[in-house]
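# Descriptive structure summary
Okay, here's what each chain looks like letter by letter:
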Amino acid sequence: PYMREVSGVRVLEDRLREKLKLKSVIVVPGDSDESEWVKEEMGKACVTYLQSISRPGQTLAVTGGTTMASVASRMTPSAGMEDWLFVPARGGLGERVEHQANTICVEMAKKAMGNYRLLYVPDPISEESYQNIIEEPSVKDVLGIIRSSDIVIHGLGDALTMANRRKTPDDQLAVIKERQAVGEAFGYYFSQSGEVVHKVRTVGLQLEDLEGDREVIAVAGGSSKADAISSYFQPGKSSVLITDEGAAKELIRDT
Ligand code: G3H
């Protein structure tokens, strides 16, 4: 029965890779909406993937959220990673401290026995403060590292779930609903067709930074995230997706 399960997952990986036009898709068995350990398995799969592409001296930017926290919890030291530099891709975005990118970044770096630099900025931030703060030398320095990082790993969320979790102000929440956002990543909200319908002003990685020659890995699962995943991948912003069977089955349902 185990072999059958594994081969089923392989078929899902192939179909999803084709459908989303990605370089690589990894599907772990189970549905993280139903069992918490499936999220841990995605974390483990992400660590294994990182180790497989590991080269000395790389920089890795990581976002926040519970899925990225599972990647950090599964991180282990590995040859070639000890001189990696870990940075948060963005600021806190109103998340609880344990789910903020800074916190996750420190845990990952320590477990990988690498180094880290953090971003100390209010987040979200007003337009006026934003323009000043990005000129601060210490912030500018870390922002430069983030924007040129070799690897980006990030979570993806259901738009309304994320907006509520981050205590989004009512006027912004109204825009997110009215413009029918379904997915969220790095503070950007996407409609089903992949259009950016709202963006939280934060310091850190911007969507346009994902272009170019770098490894961008999305880690998101649970059948409830299927629409969010497909909205984010419409124009194809990441090259690798690590997900679970719950989301994968839902995603290929309408092909
Ligand atoms: O941007 C999306 C969120 O970081 C995803 O959070 O992993 O807790 O679902 P989550």
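Parameters at a glance
Along each chain, the written sequence defines residue order, and numbers are assigned to residues from 1. Local features are withheld for residues below a pLDDT of 70 in this predicted model, meaning they are given only at 70 or higher, and side-chain atom pairs are given and counted only at 80 or more; totals for whole chains, interfaces and linings count all residues. Note that the side-chain values use all heavy atoms of the structure and ignore hydrogens as well as water. Put simply, DSSP marks the helices as runs of H or I at least four residues long and the strands as runs of E at least two long, and each gets a number from the N terminus on. Burial status follows relative accessibility: with a 1.4 Å probe on protein chains alone, a residue under 20% of its type maximum counts as buried, one over 50% as exposed, and anything between as partly exposed. One side-chain nitrogen of Lys or Arg within 4 Å of one carboxyl oxygen of Asp or Glu is enough to make a salt bridge. For every residue, the predictor states its confidence as a pLDDT score lying anywhere from 0 to 100.

What follows deals with unusual backbone geometry. Even without being glycine, Lys167 reaches a positive phi, approximately 50 degrees. The residue Lys167 is located in the loop between helix H7 (159-165) and helix H8 (170-178) in this model. A relative accessible area of 70% means that Lys167 is categorised as exposed. Despite not being glycine, Phe186 has its phi angle at roughly 50 degrees, a positive value.

Let us look at the pattern of salt bridges. When the charged atoms of two side chains with opposite charge come close together, those side chains can pair. Applying the stated criterion across every chain yields a total of 14 salt bridges. One salt bridge connects Lys111 with Glu107, and the closest N-O pair in it is separated by 2.8 Å. On the criterion of helical spacing, the pair formed by Lys111 and Glu107 is a turn pair, its members being 4 residues apart in helix H4 (residues 101-112). With a relative accessible area of 30%, Glu107 lands in the partly exposed category. Two residues, Glu135 and Lys140, come together in a salt bridge whose shortest N-O distance is 3.1 Å. Accessibility expressed as a relative area gives 47% for Glu135, which makes it partly exposed.

A separate point is the confidence of the model for the protein. Per-residue pLDDT for the protein averages 92, and the proportion of residues at 70 or more is 97%. Both scores are given for the predicted complex: the pTM is 0.94, the ipTM 0.98.

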